[in-house]
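Tertiary structure, described
Letter by letter, the chains look like this.
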Amino acid sequence: MSKSDLQTRPQITIPLQNAVPLRDRMKIPRTVMPARDPQQRSRNFEEVNLGLPQNEALTEAMRCIECAKPGCVVQCPVGVKIKEVVSLIRTGDYLAAAAKMREDNALPAITGRVCPQENQCEGGCVLGKKGAPVAIGNLERFIADYERESGQLGLPAIAPPTGKSVAIVGSGPAGLSAAGDLVQKGHRVRVFEALHELGGVLIYGIPEFRLPKSIVKEEVDNLRRMGVQFETNVVVGKSVTIDELLQSEHFDAVFVATGAGLPQFLRIPGEHFNGVYSANEFLTRINLMRAYQASEYDQPVYDCRDRDVIVVGGGNTAMDAVRTARRLGAHSATLVYRRSQAEMPARIEEVHHALEEGIEFRMLTNPIEFIGDEKGWLTGARCVRMELGEPDADGRRRPVPIAGSEYVLPASVAIIGVGTTANPLIQSTTPDLKTTPRNYIVADPESMRTSKPGVFAGGDIVTGGATVILAMGAGRKAAVSIHEFLRTGSW
Amino acid sequence: MYRIVEAQSVGLNIKQFVVEAPRIARKQEPGQFVILRLHERGERIPLTIKSSDPAAGTVTIVVQAIGKTTSLLNCLEAGDSILDIVGPLGRPSEIQNYGTAVILAGSVGTAMALPTANALKQAGNHVIFIEGARSAPMVVFEDEVRQASSEACIMTDDGTYGEMGLVTKKLNEFLAAGRPIDFVLAVGPVPMMRAVAGITVPLGIKTMVSLNAIMVDGTGMCGGCRVLLGDKSKFACVDGPEFDASLVNFDVLMQRNAMYRDKECQSLKHFKEHEQEELAQLRAELAEKEAERARLSAEAGERDKHYV
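From a predicted model like this one, the values you see are computed outputs, not experimental measurements.

1. Observations concerning the overall build of chain A
Helix and strand counts for chain A come out as 19 helices and 16 strands. Computed over the C-alpha atoms, the radius of gyration of chain A is 23 Å, within 12% of the 23 Å expected from 2.2 N^0.38 for a compact globule of 491 residues. Considered along the principal axes of its C-alpha atoms, chain A spans approximately 70 × 65 × 50 Å. With 491 residues in all, chain A has 60% of them scored as buried. Total accessible area on chain A is roughly 19500 Å²; 51% of this is exposed by carbon and sulfur atoms.

Structure below.
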């Protein structure tokens with residue numbers, strides 16, 4: 001929804017003042033996100049969080065003490081005007097709150113579910129210093145869901161056609177948010193996706209129980225209604241090159257938002273045993289190909305029922321994989337991480353939910369070899385216990401193996417979720433695109449311009465594996481910069 | 001959706017399809033493949049590209065009915081559509097003038113090997129093409145094999161066509177006769193490729209094999225198709241599918257390709273029992289999608305008037 005639409009809204013009569021006196025607001029306890037029963041949910045793929053009821057959302061909004069310099073806004077990677085959004089919620093005008101949110105964040109129903117709020121907006125909330133911060137993520141989800149369910153989603157106004165066209169490579173969070181912004185400016189926007197379904201990591205990576213696919217589809221449909229064109233089954237770098245997009249297909253600009261690429265393995269013996277998966281493969285089989293509905297869908301996945309499953313890693317991907325294994329009926333689902341729980345990069349809510357669902361955490365443990373039977377099927381992982389030593393380059397204490405502490409952890413399935421490296425398909429077919437020594441694309445952090453005129457890049461293919469919201473932020477920055485380039489024609 | 005313009009049975013359970021896929025047709029090079037999906041509940045499977053016609057915007061793929069998806073695909077006819085096809089994937093074959101190049105292909109592997117054979121011949125190689133099949137009805141593309149090569153031999157396991165014996169028998173005959181061989185490409189079942197490598201690698205002949213690992217996305221994202229080359233892990237979809245046979249661990253490849261065998265068998269058995277229903281369901285789904293697509297493009301056409 002654009003600002004002009006907002007102005008045509010009926011004037012809000014309720015004063016934007018919080019009725020509860022300041023000192024009392026801080027006494028209101030943080031509302032709790034209702035969630036499905038852990039026993040029940042750990043056997044199905046339904047969404048875990050149920051969403052705040054309206055009265056709880058109102059109460060939660062009352063807790064905001066409206067800081068003069070709101071830390072939440074500063075800490076938000078896309079600078080959502082959270083203070084204003086929360087005060088609109090307090091007045092009960094949820095649609096206006098959602099519209100305000102959409103000024104800076106095109107996909108609030110998604111980020112409300114998957115952002116690591118504790119490190120971002122909620123981490124900057126002053127209430128968090130003494131008690132619990134305002135549940136900004138839960139409020140964000142509430143207004144986005146309210147807006148969607150109301151059917152009153154005001155699509156933003158589209159500027160008159162500029163005659164310029166932009167190719168966007170990748171339909172993940174970076175690509176989708178750039179597409180939304182650029183189409184509003186009147187440019188023709190075409191998004192190319194390598195897979196058969198749109199949404200990138202939101203579809204193949206994040207499981208249904210954390211982000212229902214229907215929500216992603218809805219956002220994609222909104223973009224389609226706004227005029228964004230989508231073409232699936234195109235691997236840019238193979239089906240068509242960047243140069244061909246610019247020359248023979250006459251796009252005026254290209255935004256490369258291909259996301260995180262190749263899965264990293266542990267490079268330990270035995271990684272070829274049947275039953276060892278990358279988290280990308282395991283999650284793609286489940287999320288994109290729906291292998292968990294084995295009776296209806298053709299793509300198989302290892303039958304985890306009554307098996308011991310281990311997942312290696314400490315981030316959100318590892319957490320998604322281990323909770324998925326649990327839902328597939330694993331006898332045990334164990335997370336193996338070489339540092340301690342405090343260093344885990346996963347969202348705090350996922351850690352909490354995983355523990356509730358009976359996931360076993362084996363911290364300070366590192367696999368050094370996979371063991372299998374004579375037919376090549378995995379039977380276990382030889383692990384070594386670790387202890388934390390001196391801090392390393394990123395400030396986290398480096399885990400070091402404890403001599404003589406090796407033992408075998410039995411497992412039929414092992415899933416490796418320790419990060420990704422850059423996918424080289426575009427870089428290798430675009431010689432004048434500058435890359436880092438690790439083969440990520442070099443792009444200016446503000447203008448998102450690459451070394452190649454007309455080509456912009458953002459998201460995980462520039463930064464390496466990060467978060468949905470950072471990728472969206474990159475997409476939005478790129479849209480501003482691409483618009484500027486198309487308007488002025490100067491590079 | 002990708003319309004099938006021609007469908008033709010070319011051997012026992014082997015069918016050739018000409019499919020409208022202009023992007024793939026423009027870019028295809030010898031040695032590359034596609035991944036396709038037939039319906040919303042379908043799996044993604046890699047398939048060979050035999051040739052392409054950039055002007056007509058079509059690619060020719062060859063399918064042997066082995067599992068459920070390939071069996072269902074082979075029920076389709078001209079006028080039907082394939083829901084999703086992506087490609088061309090993988091690195092193209094390395095084409096050089098090696099001197100004498102021997103291509104060994106097992107039945108449907110012939111389709112994959114043909115464009116490479118053609119390119120090698122054009123590059124000036126003396127191309128010896130040895131096609132093998134279990135039995136006469138599985139011998140495919142004999143005319144094209146003869147055209148793409150300087151010498152062609154057809155072998156059948158049971159002697160019902162051409163010469164009786166495995167492709168390796170013929171290879172050994174060439175070697176025994178003292179024919180110089182500078183390059184070998186083997187495309188076929190893993191035991192066949194392994195047997196070829198077992199002969200030529202010890203002789204120091206550069207030998208490539210085209211590996212048919214299990215894949216999902218085909219872009220390097222999932223790592224499911226990893227193969228062991230010496231002590232290094234490579235992805236067949238982006239680093240291959242052709243690899244230096246002297247480094248390939250064929251045991252690991254066989255073991256990994258057997259990963260879902262039980263499910264594949266169950267799935268195929270179920271399909272065989274419900275073949276006509278499954279086909280009718282697929283056609284209904286495609287028709288529905290066709291209608292949906294037409295509606296969307298009409299809507300978009302309305303909008304796109306602005307952009308002209």
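On we go from here.
2. Brief notes about the environment of Val18(B)
Residue and element names in this part refer to chain B. Within the secondary structure layout, Val 18 lies in strand β2 (residues 14–20). The class for Val 18 is buried, based on a relative accessible area of 9%. Sequence separation of Val 18 and Met 208 is 190 residues, and the distance between their C-alpha atoms is 28 Å. What Val 18 contacts, discounting residues up to four positions off in sequence, is Arg 3, Ile 4, Val 5, Glu 6, Thr 58, Val 59 and Thr 60.

3. Thoughts on the interface of chain B and chain A
Counting residues at the interface gives 50 residues for chain B, matched by 55 residues for chain A. With both sides pooled, the region where chain B packs onto chain A buries about 4300 Å², and carbon together with sulfur makes up 53% of that total. The interface formed by chain B and chain A holds 4 salt bridges in total. A salt bridge links Lys27(B) to Glu244(A); its shortest N-O distance comes to 2.9 Å. Counting every contact that joins chain B to chain A gives 25 residue pairs in polar contact (both at pLDDT 80 or more). Sort the elements by how many residues they give to the side of chain B that touches chain A and strand β7 (residues 84–89) of chain B lands first, with 6 residues. The residue inventory of the side of chain B that touches chain A, partitioned by class, reads 20 nonpolar, 13 polar and 17 charged.

4. Details of the sheet that holds strand β11 (residues 163–164) of chain B
All names here are of chain B. Strands sit in the order β11-β10-β9-β8-β12-β13-β16 across an open sheet of 7 strands; the sheet is mixed. Each edge of the open sheet carries a strand with a single partner, namely β11 and β16 (242–244). Bridge count between strand β8 (residues 100–106) and strand β12 (residues 183–187): 5 bridges; the pairing is parallel. Each bridged residue has a counterpart across the sheet, and for Ala 101 the counterpart in β12 is Phe 183. Against the sheet, helix α3 (residues 109–122) makes contact with β8, β9 (126–133), β12, β13 (206–210) and β16, and its axis sits at roughly 165° relative to β8, the strand it touches most.

5. Here we look at the nonpolar core
The tendency in soluble globular proteins is for nonpolar side chains to be buried as a group. Ranked by internal contacts, the top residues of the largest apolar core, which has 77 residues, are Ile110(A), Ile143(A), Ile168(A), Phe255(A) and Ile482(A). Excluding its chain neighbours within four sequence positions, the residues that come into contact with Ile482(A) are Val166(A), Leu182(A), Ala253(A), Phe255(A) and Phe456(A). Ranked by size, the runner-up nonpolar core spans 58 residues in total, among them Ile128(B), Met155(B), Cys237(B) and Val238(B).

6. Points about the environment of Cys383(A)
Residues and elements named next belong to chain A. You can see Cys 383 is positioned in strand β11 (residues 378–391). The exposure class of Cys 383 is buried, given its relative accessible area of 0%. Cys 383 sits 20 residues away from Ala 403 along the chain, and the two C-alpha atoms are 12 Å apart. Apart from residues lying up to four places away in sequence, Cys 383 is in contact with Thr 365, Asn 366, Pro 367, Ile 368, Ser 405, Glu 406, Tyr 407 and Leu 409.

7. Some thoughts on the confidence of the model for chain A
Mean pLDDT for chain A: 92, with 96% of residues reaching 70 or above. In the model, residues 1–16 of chain A has pLDDT below 50 throughout and makes 26 contacts with residues more than four positions away in sequence or in other chains.

8. Here's the deal with the pattern of salt bridges
Residues and elements named next belong to chain A. Inspection of every chain in the model, using the stated rule, returns 60 salt bridges over all chains. One salt bridge in this structure joins Glu 47 and Arg 141, with 3.0 Å as the shortest N-O distance. With Glu 47 in the loop between α3 (38–41) and α4 (54–62) and Arg 141 in helix α9 (residues 136–150), this pair connects stretches of sequence that are 94 residues apart. Overall, Arg 141 belongs to the buried group, its relative accessible area being 5%. When the shortest N-O distance is used, the salt bridge between Arg 210 and Asp 320 registers 2.7 Å. Here the residue Arg 210 occupies a position in the loop between α11 (201–204) and α12 (213–225), and Asp 320 occupies one in helix α15 (residues 316–327), the gap between them amounting to 110 residues. Across the pair, Asp 320 and Arg 210 agree in class, each one buried. Within the structure, one salt-bridge network assembled from shared partners comprises Arg 41, Arg 210, Asp 320, Arg 323, Arg 327, Arg 347, Glu 349, Glu 350, Glu 356 and Glu 357.

9. Digging into the packing of helix α5 (residues 167–176) of chain B against helix α6 (residues 190–200) of chain B
Residue and element names in this part refer to chain B. Interhelical geometry of α5 versus α6 gives an angle of 15° and a closest axis separation of 10 Å. One finds that α5 runs roughly parallel with respect to α6. The way α5 lies across α6 gives a crossing that is right-handed. In contact with Val 167, Thr 168, Leu 171, Asn 172 and Leu 175 of α5, α6 contributes Met 192, Ala 195, Val 196, Ile 199 and Thr 200.

10. Points about the packing of α4(A) against helix α6 (residues 82–90) of chain A
Geometry of a packed helix pair, given as the angle between the helix axes and the separation of the axes. Residues and elements named next belong to chain A. The interhelical angle for the contact between α4 and α6, taken along N-to-C directions, is 130°, at an axis separation of 8 Å. Taken as axis vectors, α4 and α6 run oblique relative to one another. Seen along the crossing, α4 lies across α6 with a hand that is left-handed. Touching Ala 57, Leu 58, Ala 61 and Met 62 of α4 are Val 86, Ile 89 and Arg 90, all from α6.

Rules of the game
- Residues numbered from 1 in each chain as written.
- Chains lettered and ligands numbered in written order.
- Predicted model: local features only at pLDDT ≥ 70, side-chain atom pairs only at ≥ 80, totals over all residues.
- Heavy atoms only, no water.
- Helix = DSSP H or I, 4+ residues; strand = E, 2+ residues; numbered from the N terminus.
- Rg over C-alpha atoms; globule rule 2.2 N^0.38 Å.
- Buried < 20%, exposed > 50% of the residue type's maximum accessible area, 1.4 Å probe, protein only.
- Areas by Shrake-Rupley, 256 points an atom, 1.4 Å probe, with all protein chains shown as cover.
- Contact = heavy atoms within 4.5 Å.
- Buried area = accessible area lost by both parts, 1.4 Å probe.
- Salt bridge = Lys/Arg side-chain N within 4 Å of Asp/Glu carboxyl O.
- Polar contact = N/O pair within 3.5 Å; in protein donor to acceptor, adjacent residues only side chain to side chain.
- Nonpolar A, V, L, I, M, F, W, Y, C, P; charged D, E, K, R; others polar.
- Pairing = 2+ DSSP bridges.
- Axes fitted to C-alpha atoms, helices over the stretch in contact; angles between N-to-C directions.
- Core = buried A, V, L, I, M, F, W, Y, C linked by side-chain atoms within 4.5 Å.
- pLDDT = per-residue confidence, 0-100.
- Parallel < 35°, antiparallel > 145°, perpendicular 65-115°, else oblique.
- Left-handed = near helix turned anticlockwise from the far one by under 90°.

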